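The lines below spell out each chain.
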Amino acid sequence: MKNILLTFIILISLTACESKKSNSTENKIAESEIEEQKVELTEREKEEKLREQINTEYLAELSKCSQNKIAVTDFNGKTEFWKICETENGKRIIQIESHEKTDFYEEVYYEKNGELIYAEESIKYMPINHYILQTWTCQFYAEKGKLISLMSLGHGKTEDDEWNPEIIFEMYKKRITELNKIEKE
């Protein structure tokens, strides 16, 4: 009977130790997950702060634009209307608008010291003699030549799994090349 009682006590002690180890491991995993969530939340907060900062700065610069350079081009097989606002503090806003069939296109590029920090692309479905029926807009936020964040609303390119948001940098480079052609002519 003593042996059975002793075996039973040892078994209970071992089970208690394993339970504590298991709880300790579970606690470490839970703590690790909480830390990951904090880091993720912090990254999300950083993104939101960056978007808010750039939006505020962009809108402030846009409100100051009174001396726009205006141009009309047909580089892409359609008439495009350009407005270029250059400020004294090394910032520039390039706005391009065009209309093709039932679609109204808008592009905005906001740069600081020659570096793209914000871009917006939108397509509005607007048949003649109608109000806007459908809109797609995507805002791109960049820092040091890298896409940091984007916000998309409506139905459009961002719904396609093949779409690559990094294409905005290629679009920007193409527009800068076109802008240089405007200035030379």
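Reading the values: rules and limits
Residues numbered from 1 in each chain as written. Predicted model: local features only at pLDDT ≥ 70, side-chain atom pairs only at ≥ 80, totals over all residues. Heavy atoms only, no water. Helix = DSSP H or I, 4+ residues; strand = E, 2+ residues; numbered from the N terminus. Buried < 20%, exposed > 50% of the residue type's maximum accessible area, 1.4 Å probe, protein only. Contact = heavy atoms within 4.5 Å. Areas by Shrake-Rupley, 256 points an atom, 1.4 Å probe, with all protein chains shown as cover. Polar contact = N/O pair within 3.5 Å; in protein donor to acceptor, adjacent residues only side chain to side chain. Salt bridge = Lys/Arg side-chain N within 4 Å of Asp/Glu carboxyl O. 1 Å grid on protein atoms, 1.4 Å probe; cavity = no way out; pocket = protein on both sides within 12 Å on 5 of 7 lines; lining within 4 Å. Points joined across faces, edges and corners; volume = space filled by probe spheres on them. Nonpolar A, V, L, I, M, F, W, Y, C, P; charged D, E, K, R; others polar.

Visitor: Account for the overall build of the chain, naming residues and giving values.
Guide: When helices and strands are tallied, the chain shows two helices and seven strands. Secondary structure elements in the chain, listed N-terminal to C-terminal, are α-β-β-β-β-β-β-β-α. Scored against the burial criterion, the 185 residues of the chain give a buried share of 28%. Considering only intrachain contacts with a sequence separation of at least 6, the fraction spanning at least 24 residues in the chain is 34%. Looking at the chain as shown, the accessible area adds up to about 13200 Å², and 54% of this sits on carbon and sulfur atoms.

Visitor: A description of the side chain of K78 should follow, citing residues and the corresponding values.
Guide: Here K78 lies in the loop between β1 (69-73) and β2 (80-86). We classify K78 as buried; its relative accessible area is 17%. A polar contact of 3.3 Å, which involves the side chain of K78, links it to the side chain of S98. Sequence-distant contacts of K78, that is, excluding residues within four places in its chain, are made with T73, S98, E100 and Y105.

Visitor: Account for the environment of P165, naming residues and giving values.
Guide: In this structure, P165 sits in the loop between β7 (146-154) and α2 (167-184). The sequence separation of P165 and S149 amounts to 16 residues, and the corresponding C-alpha distance is 9.7 Å. Dropping the residues within four chain positions of it, P165 is found in contact with F140, L147 and L150.

Visitor: Can you lay out the pattern of salt bridges for me, pointing to particular residues and giving the numbers?
Guide: Across all of its chains, the model carries 13 salt bridges by this definition. Of the charged contacts in the structure, one is a salt bridge between E107 and R175, with a shortest N-O distance of 2.6 Å. With E107 in strand β4 (residues 103-112) and R175 in helix α2, this residue pair connects regions lying 68 residues apart in the sequence. Comparing E107 with R175, the two get one shared label, buried. Salt bridges linked by common partners bring E57, E61, K64, K91 and K112 together as one network.

Visitor: Please give an account of the layout of surface pockets that cites residues and values.
Guide: When its volume is computed, the largest pocket comes out at roughly 190 Å³. Contributing to the lining of the largest pocket are 14 residues, with K78, E80, E107, M171 and R175 lying nearest its centre. Going through the elements one at a time, β3 (91-100), β4, β5 (115-125) and α2 are the ones with two or more residues in the lining of the largest pocket. Among the residues making up the lining of the largest pocket, the classes are represented as three nonpolar, three polar and eight charged.

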